[in-house]
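Residues per chain, in single letters:
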Amino acid sequence: MMYADDVEKKPTAVTSAAAAVEGRDNQTLVPIISNTNVPPPPDDADNFNPPDGGLVAWSQVLTSLLINSLAWGYPASFGVFQLYYEETLGLPSSQISWIGSCQTFLTFAVCGPAGRLVDAGYTRETMLAGSFFAVFGTFMTSLCKEYWQVFLAQGVCTGIGLGVIFMPAVSVLSSYFKKKKAFALALAAMGTGVGSLIFPSTLQYLIPQIGFPWAVRCVAFVALTMVGLANAMLKPYLAPRKSGPLFEWDAFTELPYLFFSISGFLNFYALYFGFFYINVFARNIIGFTSVEAVSLLLIINGLSIPARPIAGYLADYHVGPINMFLSGQVLLGIMIFSWIGVTTRTGLYVFSAFFGFINGACQGTFVGANASLTKDPKKMGTRFGMIQTLCAVSSLAGAPSAGAIIDKSGGKFIWAQIWGGSVMMLAACFTLASRIASTGWVLKAKK
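Residues numbered from 1 in each chain as written. Predicted model: local features only at pLDDT ≥ 70, side-chain atom pairs only at ≥ 80, totals over all residues. Heavy atoms only, no water.

### Re a nonpolar patch on the surface
Working step 1: Residues L303, I310, Y313, L314, Y317 and F357 make up a contiguous nonpolar surface patch of about 510 Å² in total accessible area.
Working step 2: The element that contributes the greatest number of residues to the nonpolar patch is helix α11 (residues 290–319), accounting for five residues.
Working step 3: Relative to the elements of secondary structure, L314 occurs in helix α11. (Patch = residues over 30% accessible without salt bridge, like charges linked within 9 Å, V, L, I, M, F, W, Y side chains within 5 Å. Areas by Shrake-Rupley, 256 points an atom, 1.4 Å probe, with all protein chains shown as cover. Salt bridge = Lys/Arg side-chain N within 4 Å of Asp/Glu carboxyl O. Helix = DSSP H or I, 4+ residues; strand = E, 2+ residues; numbered from the N terminus.)

As structure tokens, then:
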């Protein structure tokens, strides 16, 4: 889409002696294909000075918060669907978890192509297309009766839509901030916790009242409201980068980016184990009812909300985004190992509270840490999307791997917990390697 004032001033050669004396270059207005009606920033990434505040910039934080509420809050609520599908479809937990894993996989996988479309200037079109798939897939889920139907509607259609809407929001938001980028992204990431409260609590309350189909339709109407507001407020800042490859393969020749990519892969391999199986653990091991088990998911998601802006503030002003993300991964690995010692209802409530807060702090700085590795804001969508696409593979395999370990262990969780903690610690090692490759062996470097 091109607006009348989407123009860029480019100097032409001075053709008159009078102009030379006056010291002024003649200028002509050259139209550019753009999705934004603000003056394009300079091409020099080092001298790029975005607003870093103001009404429009902070409105993009709200836009991204709404998108995060849907794009990541909805998948994080799959534990509610997991319990319902196990009870109604009578299938093994590992098979059911493939629905949620496929949804998460596609949410990550389409980030690469979606990010390149955003960089090319098709921000609004990309957002609209993703909004349609996300809402349509949710409505279709309410009509499903068989496993394959749920898999296609919730796993495939909704998963594609969620990934497509995520990249425009995070890419546009990143372009408005520089010094406050990690804090702004962490504020937007609060949406994950907000959505993770809204969607499961809506389902938990409405399923006994009006049944599963209409409960899911109500969730779809909430999603429709979110994407409607987000599309209305979205305002791209950067001029498009029409030329360029779909993937910036040269980025993997940069050791900090390469190590961080491996860290992200391992991080999401273990991450959704807790989200998908905390309810199953509570019901099968501790003795919670299905309704009581859902409350644990609400505790985890609720306490992740205040953790994200706190972590973002520390990352921007004191620690650095990569250092903050590294600390969160280490603490999250410790929490998964400590899960082994939970044997009582009280202990599980306490564990859920700490797990939710630490997980929020860790994942709230993942986007900021990832963004800090890209200096050129016009490549943000492509390079960020590449790591997201890589993480798609691990998120697809993570929960089913844990489910297979649990099934092979006769329903016991200990080996799955050891697996999850070990993978998260290994992810932290690669984050540390990324930090060292970027700053050297400097203990107090802010990175």
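### A few points about the side chain of N68
Working step 1: Following the sequence through the fold, N68 ends up in helix α2 (residues 55–71).
Working step 2: Those residues in contact with N68 that lie beyond four places of it in its chain are G73, F166, A188, A189, G191 and T192. (Contact = heavy atoms within 4.5 Å.)

### Details of helix α4 (residues 93–109)
Working step 1: Here α4 is 17 residues long and its end C-alpha atoms lie 24 Å apart, about the 24 Å a rise of 1.5 Å per residue gives.
Working step 2: At I99, α4 shows its strongest bend, of approximately 25 degrees.
Working step 3: With 14 of 17 residues buried, α4 lies mostly within the body of the structure. (Expected span 1.5 Å × (residues − 1). Bend = angle between axes of the 7 residues up to and from the residue. Buried < 20%, exposed > 50% of the residue type's maximum accessible area, 1.4 Å probe, protein only.)

### Side note on the packing of α2 against helix α8 (residues 181–210)
Working step 1: Running from N to C, α2 and α8 cross one another at 35 degrees; their axes reach a closest spacing of 7 Å. Crossing angle aside, the handedness with which α2 passes α8 is right-handed. Side by side, α2 and α8 meet where W58, V61, S64, L65, N68, S69 and L70 of the first sit next to F183, A184, L187, A188, A189, M190, G191, T192, V194, G195 and F199 of the second.
Working step 2: Considering only residue class, the contact of α2 with α8 consists of twelve nonpolar, six polar and no charged. (Axes fitted to C-alpha atoms, helices over the stretch in contact; angles between N-to-C directions. Left-handed = near helix turned anticlockwise from the far one by under 90°. Nonpolar A, V, L, I, M, F, W, Y, C, P; charged D, E, K, R; others polar.)

### Quick notes on the packing of helix α10 (residues 255–286) against helix α12 (residues 321–338)
Working step 1: Closest axis-to-axis distance for the α10/α12 pair is 12 Å, and the angle between their directions is 35 degrees. The element α10 and its partner α12 pack so that their crossing is left-handed. Where α10 approaches α12, its residues F260, S263, N267 and L271 are matched on the opposing element by F325, Q329 and L332.

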